[in-house]
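# Understanding the architecture of this molecule
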Amino acid sequence: MEEKSLPKHIGIIMDGNGRWAKKRGLPRTAGHKAGAKAFREIIKHCHERKIRYLTVYAFSTENWKRPKEEVDAIMKLLGEYLDEAFQHEEENKEVCVKIIGNVKPLALELQEKIRRLEEQTAENRGITVNIALNYGGRDELVHGVKTLVQQIKDGELSVEDLDEERISRSLYTAGQPDPDLIIRPSGELRLSNFLIWQAAYSEFVFMDVLWPDFGAKELDQALEQYAGRSRRFGDVTAK
Ligand code: FPP
């Protein structure tokens, strides 16, 4: 595919793990395990297709409402992914991992793994993978607004200087391009508090497949749909 018609940044809402497990008579946690495998594969596929940024929704600020056993299982899978990525440094040398979200309520051990992996991969330039963890778009905006208000109070910023660019830079995705394409598998048609500021001009692709079954073929279908869209950003001619 021509580079021009490729998205620079893809966001994915990894939805449908529970239904995938239910269909097979398995516990929901088995669905998350299969979802974590699909996540590892999709990083490779995105990198091969020269996508520069990938943001996945792994755990929302609302997901704490789930049974403790399920929350623990998701956190464990994340910990395993972080360990593995850290150990296979050579294999992952093109991948820069960032966690976006409020990590403070997470177990200290998990926070430490996050810190180490972010530090180890900070200079990797192939693909940046943002894992949204304890993430909510509104929570991110509250966090950003508090930072900006503090800067105003401290005299580092004036109210007149506040603009869209400043707000973008106060978010967890500071310095990254906005997502061009947001993919939601599993048949649900909503954004669920994912990248709400950054998605202002994103193209959306909704698919019926459940996340653990999402692979290279589904990614290519989404990319094809994206390439056929006309992005005008409020203008009359396509950009
Ligand atoms: C949504 O499906 C999925 C989640 C809330 C968790 C996503 C977690 C993973 C893919 C595994 C861990 C992640 C990484 C990055 C290693 P759902 O449970 O809401 O599915 P349902 O709608 O079918 O019930």
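Whatever comes next refers back to the structure up there.
Residues numbered from 1 in each chain as written. Predicted model: local features only at pLDDT ≥ 70, side-chain atom pairs only at ≥ 80, totals over all residues. Heavy atoms only, no water.

Once that is clear, we can look at the packing of helix α2 (residues 28-48) against helix α3 (residues 68-87). Close contact between α2 and α3 brings their axes to 10 Å; oriented N to C, the two are set at 30°. It follows that α2 is roughly parallel to α3 by the angle criterion. Here α2 and α3 pass one another in a crossing that is right-handed. Between α2 and α3, the contacting residues are Arg28, Thr29, His32, Lys33, Ala36, Phe39, Arg40 and Ile43 on the first element and Glu69, Glu70, Ala73, Ile74, Leu77, Glu80, Tyr81 and Glu84 on the second. Looking at side-chain class alone, the contact of α2 with α3 contains seven nonpolar, two polar and seven charged residues. (Axes fitted to C-alpha atoms, helices over the stretch in contact; angles between N-to-C directions. Helix = DSSP H or I, 4+ residues; strand = E, 2+ residues; numbered from the N terminus. Parallel < 35°, antiparallel > 145°, perpendicular 65-115°, else oblique. Left-handed = near helix turned anticlockwise from the far one by under 90°. Contact = heavy atoms within 4.5 Å. Nonpolar A, V, L, I, M, F, W, Y, C, P; charged D, E, K, R; others polar.)

In the vicinity of the ligand there are 17 residues, among which Met14, Gly18, Arg19, Arg28 and Arg66 approach most closely. In the model, an oxygen atom of the ligand is placed 3.0 Å from a nitrogen or oxygen of the Gly18 main chain. Contacts to the ligand include Arg28, whose side-chain N or O atom sits 2.9 Å from an oxygen atom. Considered on its own, the ligand offers 630 Å² of accessible surface; in the complex 92% of this is hidden by protein. One can see that the ligand is located within the largest pocket. (Near = heavy atom within 4 Å. Polar contact = N/O pair within 3.5 Å; in protein donor to acceptor, adjacent residues only side chain to side chain. Areas by Shrake-Rupley, 256 points an atom, 1.4 Å probe, with all protein chains shown as cover. 1 Å grid on protein atoms, 1.4 Å probe; cavity = no way out; pocket = protein on both sides within 12 Å on 5 of 7 lines; lining within 4 Å. Sits in = over half its atoms within 2 Å of the grid points.)

Moving on: the nonpolar core. Counting residues in each nonpolar core, the largest one holds 42 residues, and the members touching the most others are Ile10, Ile12, Phe39, Leu54, Ile131 and Ile183. Considering every element that reaches this core, the biggest residue donor is α3, with seven residues. Excluding its chain neighbours within four sequence positions, the residues that come into contact with Ile12 are Ile42, Leu54, Thr55, Val56, Tyr57, Ile183, Pro185, Phe194 and Trp211. (Core = buried A, V, L, I, M, F, W, Y, C linked by side-chain atoms within 4.5 Å. Buried < 20%, exposed > 50% of the residue type's maximum accessible area, 1.4 Å probe, protein only.)

Further remarks concern the side chain of Glu203. Here Glu203 is to be found in strand β6 (residues 203-206). Polar contacts involving the side chain of Glu203 include one to the side chain of Arg229, which spans 3.0 Å. Every residue in contact with Glu203, bar those within four places of it in the chain, is listed here: Asp180, Leu181, Ile182, Tyr226, Arg229, Ser230 and Arg231.

A word on the packing of aromatic side chains. A complete count under the given rule lists nine aromatic pairs for this structure. Through a chain of ring-to-ring contacts, three or more aromatic side chains come together here, namely Tyr57, Tyr135, Tyr172 and Phe194. (Phe/Tyr/Trp six-rings, centres within 6.5 Å; stacked < 30°, edge-to-face > 60°.)

Further remarks concern empty space enclosed by the protein. For the structure shown, the criterion picks out one cavity of 30 Å³ or more. One number sums up the size of the largest cavity: a volume of about 40 Å³. Together, Leu82, Asp83, Phe86, Lys113, Arg116 and Leu117 line the largest cavity. Only α3 and α4 (108-121) provide two or more residues apiece to the lining of the largest cavity. Of the residues assigned to the lining of the largest cavity, the class counts are three nonpolar, no polar and three charged. (Points joined across faces, edges and corners; volume = space filled by probe spheres on them.)

Moving on, we get to the layout of surface pockets. Approximately 650 Å³ is the volume found for the largest pocket. As for the largest pocket, its lining consists of 30 residues, of which Met14, Asn17, Tyr57, Ala58 and Asn63 are closest to the centre. At the level of elements, α1 (17-23), α2, β2 (53-60) and α3 are the ones that each hand at least two residues to the lining of the largest pocket. No other element matches the six residues that α2 contributes to the lining of the largest pocket. Split into classes, the residues belonging to the lining of the largest pocket amount to 13 nonpolar, eight polar and nine charged. Here the second largest pocket defines a volume of roughly 320 Å³. Mapped onto the lining of the second largest pocket, the elements with two or more residues apiece are α2 and α3. Element by element, the count of residues in the lining of the second largest pocket is highest for α2, at five residues.

Right, let's get into α4. Between its first and last C-alpha atoms α4 spans 20 Å; for 14 residues at 1.5 Å apiece the expected length is 20 Å, and the two agree. Taken together, the buried positions of α4 are occupied by Leu110, Lys113, Ile114, Leu117 and Thr121. Down the axis of α4, the buried side of the element spans an arc of 100°, and every buried residue falls inside it. Seen from the open side of α4, the exposed residues pointing more than 90 degrees away from its buried face are Leu108 and Glu119. Where α4 is buried, its residues touch α3, β3 (95-100) and β4 (127-135). (Expected span 1.5 Å × (residues − 1). Arc of directions from axis to C-beta.)

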